[in-house]
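Residue strings, one per chain:
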Amino acid sequence: MDLDAIRHNVALLAGRASGAATMVVVKADGYGHGAVPVARAALDAGATWLGACSMAEALELRAAGIRAPVLSWLDVPGTDFSDAVAAGVDISVSSPRELRAVHQAVDLLGGHGAHIHLKIDTGLGRNGCPPEEWPALVRAAAAHEAGPHMHVRAIWSHLACADEPGHPSIDVQAERFEWAYRVAREAGLHPLRHLANSAATLTRPDLHFDMVRVGIAAYGLNPVPQPENLIPAMTFRSSVALTKRIRSGESVSYGHTWTTQRDTTLALVPVGYADGVPRGLSGDMRVHLAGRNRPVVGRVCMDQIVVDCGDDQVSEGEDVTLFGTGKDGEPTATEWANTLGTIDYEIVTGMRRPRVTRRYLGESG
Ligand SMILES: *Cc1c(COP(=O)(O)O)cnc(C)c1O
């Protein structure tokens, strides 16, 4: 994990944010990169907010001593928000029920204020208050505003198709967001606004408002079609556990899906689908080994893959790069995702600990 790459990406994104604040989203353990080290690197590089999905994720940042503003946005009904309120974590509210839950936590603690971000569903159809119920939610929140302990810091929403610049839904969502803001203002609130994810940060300066929320681009993976100067922070490495010669006509791995047509050298690499190498890549992946990309042959197993090295000299113990920045021609997480018909978000969040261990470069900053 290259924390200097995170710093580079966050500084680039903060510079593209039209003067808006930059929140770096570190949900899912920092997209599989480690939430706490990523959060620290992001704050070094100019981020001023952190985003977590659950309250537990937000509290992990606080437990590590990170004092920066944190927003947490999705928990199940019945969650007790007192720990989040006590830790000064901003809480997203999508419904009157959630508003009551936060208010209960505030009451229970007595004296601790809570900052809330009211979330409107402008068309993603997922988390967030439907427009029909928005005026009532805003009024309920405004009523608490009169008291000393609950404050609406922001209204916010999330885009469905920002990674397809020009998609008509983006403008529709933006219009509904404008409407939601007007309703909030008419109810007497003076909230900040945030809407843009990585893709909208890179392509829609008109939607930056007071803060952008960047996730994937901070990790160096580009969500938009246009090229961007981002550096992937995650490199997935292993080494050759064993080499051997096999004869023409021999087959490799479960199901014997691959048979060599010539005598060849195989290199065994001790990673498999239990580490995060998707089995769906069987027959369709390469790794960087001894100076170039070489095909993985036969099926990806739970613990092992086998690389065909032809007549080249490869040594046991030699480094193997499964994916990285692509700078030396090695595969990237994005290439894996494209082969599988998925997105690179799923690849980097799919690295399985404790089998895969993390090592950080640039830690001292
Ligand atoms: C994950 C997430 C983001 C970041 O999205 P990216 O596409 O990774 O930039 C922003 N906002 C919300 C609500 C999210 O859940």
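Describing the site of the ligand
Here is step 1 of the chain: By nearness alone, 13 residues border the ligand, and Lys-27, Tyr-31, Ser-198, Ile-216 and Tyr-345 come closest of all.
Here is step 2 of the chain: Interatomic distance of 2.5 Å between a side-chain N/O atom of Ser-198 and an oxygen atom of the ligand.
Here is step 3 of the chain: Between an oxygen atom of the ligand and a main-chain N or O atom of Gly-215, the distance comes to 2.9 Å.
Here is step 4 of the chain: Where the shell around the ligand is concerned, the elements lending two or more residues are helix H2 (27-31) and strand S8 (211-214).
Here is step 5 of the chain: Grouping the amino acids of the shell around the ligand by side-chain chemistry returns seven nonpolar, four polar and two charged.

Structural notes on the domain arrangement of the chain
Here is step 1 of the chain: In terms of domain boundaries, the chain breaks down into domain 1 (3-219) and domain 2 (236-349).
Here is step 2 of the chain: Taken together, the contact pairs five residues of domain 1 with four residues of domain 2.
Here is step 3 of the chain: For the pair domain 1 and domain 2, the summed buried surface comes to about 380 Å²; carbon and sulfur atoms form 78% of the total.
Here is step 4 of the chain: The interface formed by domain 1 and domain 2 includes zero salt bridges.
Here is step 5 of the chain: Along the contact surface separating domain 1 from domain 2 lie zero residue pairs in polar contact (both at pLDDT 80 or more).

Things to note about the side chain of Glu-228
Here is step 1 of the chain: Within the fold, Glu-228 resides in the loop between S8 and strand S9 (236-239).
Here is step 2 of the chain: The buried category is assigned to Glu-228, whose relative accessible area is 18%.
Here is step 3 of the chain: A polar contact is formed between the side chain of Glu-228 and the side chain of Arg-16, at a distance of 2.9 Å.
Here is step 4 of the chain: With sequence-adjacent residues up to four places away left out, Glu-228 is seen in contact with Arg-16, Leu-202 and Asn-222.

Details of the environment of Gly-329
Here is step 1 of the chain: In this fold, Gly-329 is placed in the loop between strand S17 (319-323) and helix H10 (333-340).
Here is step 2 of the chain: Overall, Gly-329 belongs to the partly exposed group, its relative accessible area being 39%.
Here is step 3 of the chain: C-alpha separation for the pair Gly-329 and His-288, spaced 41 residues apart in sequence, amounts to 7.8 Å.
Here is step 4 of the chain: With near-sequence residues (within four places) excluded, Gly-329 lies in contact with His-288 and Asn-293.

Analysis parameters
- Residues numbered from 1 in each chain as written.
- Predicted model: local features only at pLDDT ≥ 70, side-chain atom pairs only at ≥ 80, totals over all residues.
- Heavy atoms only, no water.
- Near = heavy atom within 4 Å.
- Polar contact = N/O pair within 3.5 Å; in protein donor to acceptor, adjacent residues only side chain to side chain.
- Helix = DSSP H or I, 4+ residues; strand = E, 2+ residues; numbered from the N terminus.
- Nonpolar A, V, L, I, M, F, W, Y, C, P; charged D, E, K, R; others polar.
- Domains from an automatic or database assignment.
- Contact = heavy atoms within 4.5 Å.
- Buried area = accessible area lost by both parts, 1.4 Å probe.
- Salt bridge = Lys/Arg side-chain N within 4 Å of Asp/Glu carboxyl O.
- Buried < 20%, exposed > 50% of the residue type's maximum accessible area, 1.4 Å probe, protein only.

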